[in-house]
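Notes for the structure review
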Amino acid sequence: MRLEPGDAFPDLVAVDHAGRSRSIGELAAGDPLVLQTYRGFWCPKEQAFFRSLLHLQEEAEVAYTSIVSLSVDPPEVAAAFRAGLGARWTFLSDPEREHIDALGLRETTDTVHNPYLPTLIVLTPGLEIHSAYNGYWYWGRPSMEELRCDLREVTRAIRSDWDISQ
Amino acid sequence: MSERCWLAIVDELPASADAAARLGDRGGNKHGWLAAWLRAAKPVRSARRADPRIVDADGDAALISLVMPAADAFTIFDDTAVQQARRRVLADPEPADAITTLLVDGSHFGGSLTARRGPDAAARLRDDPFRLVAPALIATIEAGLLGVVSPPCGPVIERHGSEVPWPGGQFPPRS
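Residues numbered from 1 in each chain as written. Chains lettered and ligands numbered in written order. Predicted model: local features only at pLDDT ≥ 70, side-chain atom pairs only at ≥ 80, totals over all residues. Heavy atoms only, no water.

Helix and strand content of chain B: two helices and nine strands. When the helices and strands of chain B are placed in sequence order, the string is β-β-β-β-β-β-α-β-β-α-β. For 175 residues, the compact-globule estimate of 2.2 N^0.38 gives 16 Å, and the C-alpha radius of gyration of chain B, at 15 Å, lies within 12% of that figure. In terms of principal-axis extent, the alpha carbons of chain B reach across some 45 × 35 × 35 Å. Relative to its full complement of 175 residues, chain B shows a buried share of 49%. Restricting to contacts in chain B with at least 6 residues of sequence separation, those with at least 24 account for 74%. (Helix = DSSP H or I, 4+ residues; strand = E, 2+ residues; numbered from the N terminus. Rg over C-alpha atoms; globule rule 2.2 N^0.38 Å. Buried < 20%, exposed > 50% of the residue type's maximum accessible area, 1.4 Å probe, protein only. Contact = heavy atoms within 4.5 Å.)

Structure follows, in structure tokens:
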């Protein structure tokens, strides 16, 4: 599939860092959701980008925005990476690569790890794609300012009391 | 399910409760009942609001950490200590089977209830982040009250409205 704004994102199910089966829709739980796919804990580019997401976490925690990170790392590896980062959002694992091809997100140039292509997708609570960023080259990833703009647009669209004076 | 859920410790099994289970200590002694009511009106004076998702009349026995500060020791829900406890809940690599904060009104922290099962439940409950806010009672709870609830996605620590016990609830979709 192509990840285009306006398209529906599949409500896929994967195992979280604690070994529980979770769906994307359940994780969004009525809020905007930032879905990140990443190569794996070992990639320096991912480590750098996670440091940016950790800054966003400090705002997302009061801004009714969920974050999910998805990789082929097994749950126990994702859990250790998550703990080491200090992330307080859900990490999903797809070690069997059940979703990677359906999403069109296999990084075919890495035949050693067969990881997810680094991608960041901003979803509405109804799992409509608002925006998608291809992070194969690092500068393809969104800045936190770009993400703030995306999340402002999504939140404005879904919260009926956005402009309380109206 | 009712919009509101109330929890209270009571001496006798209340006929009006929607679910209830005996509380005990790890020595096998019983210490009253933890009861839940799913209704709008407050059922008993000591009742506090909880996330209704934790209530499951078919739920198994569990070990719980129950934080219930006295009425003269309430802190505001937005107190930084309560915020940090919520962050620590989200950071926990092994989420509890069920967790809810408790509310006495729209602005104060009325406590928390955390349920765990399994061999490490007691050890993990000793690290209940909310016991840094107020003392915690570690107790056994028999089957028939508490279920298993998927943990929150994170990293949101805010309530979805001041009347909604964290981590439950969501804002209504735009009509």
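Having seen the structure, we can now continue with the description.
Now for the pairing of strand S5 (residues 90-93) of chain A. All names here are of chain A. In S5, alternate side chains face the same way, and those of Thr90 and Leu92 on one face and Phe91 and Ser93 on the other are all buried. When strand S1 (residues 13-16) meets S5, the two strands line up antiparallel, connected through two bridges. Pairing of Val15 across the sheet is with Ser93, part of S5. Note on the crossover from strand S4 (residues 66-71) through helix H3 (residues 75-85) to S5: the handedness is right-handed. (Pairing = 2+ DSSP bridges. Right-handed = clockwise from strand over helix to strand, strands pointing away.)

This part is about the interface of chain A and chain B. Facing the 28 residues of chain A at the interface are 24 residues of chain B. Taken together, the two surfaces of chain A and chain B that pack against each other cover about 2,100 Å², and 51% of this comes from carbon and sulfur. Of the charged contacts in the structure, one is a salt bridge between Arg87 of chain B and Glu61 of chain A, with a shortest N-O distance of 2.8 Å. Linking chain A with chain B are twelve residue pairs in polar contact (both at pLDDT 80 or more). Of all the secondary-structure elements, those providing two or more residues to the side of chain A that touches chain B are helix H1 (24-28), helix H2 (44-60), S4 and helix H4 (144-158) of chain A. Among the residues making up the side of chain A that touches chain B, the classes are represented as twelve nonpolar, seven polar and nine charged. (Buried area = accessible area lost by both parts, 1.4 Å probe. Salt bridge = Lys/Arg side-chain N within 4 Å of Asp/Glu carboxyl O. Polar contact = N/O pair within 3.5 Å; in protein donor to acceptor, adjacent residues only side chain to side chain. Nonpolar A, V, L, I, M, F, W, Y, C, P; charged D, E, K, R; others polar.)

Quick look at H4 of chain A now. End to end, H4 of chain A covers 21 Å across 15 residues, agreeing with the expected 21 Å (1.5 Å per residue, within 8%). Close packing links the buried residues of H4 of chain A with strand S3 (33-37), H2, strand S6 (119-123) and strand S7 (129-134) of chain A. (Expected span 1.5 Å × (residues − 1).)

All names here are of chain B. Strand direction decides the pairing type here: strand S1 (residues 5-10) and strand S3 (residues 30-38), joined by six bridges, are antiparallel. Bridge pairing links Ala8 to Ala35 in S3. In terms of strand pairing, strand S2 (residues 19-24) meets S3 through five bridges, oriented antiparallel. Within the sheet, the bridge partner assigned to Gly24 lies in S3 and is Lys30. Taking the residues that link successive antiparallel strands as the turn, the S2-S3 hairpin has five residues, and the phi of Gly28 there is positive, at about 95 degrees.

Another point: empty space enclosed by the protein. Residues and elements named next belong to chain A. Under the counting rule described, the total for this entry stands at one cavity of 30 Å³ or more. If you add up the space inside the largest cavity, you get close to 40 Å³. Lining of the largest cavity is provided by Gln36, Thr37, Glu46, Phe49, Pro118, Thr119, Leu120, Gly135 and Arg141. Put simply, the parts of the chain that give the lining of the largest cavity at least two residues each are S3, H2 and S6. Grouping the amino acids of the lining of the largest cavity by side-chain chemistry returns three nonpolar, four polar and two charged. (1 Å grid on protein atoms, 1.4 Å probe; cavity = no way out; pocket = protein on both sides within 12 Å on 5 of 7 lines; lining within 4 Å. Points joined across faces, edges and corners; volume = space filled by probe spheres on them.)

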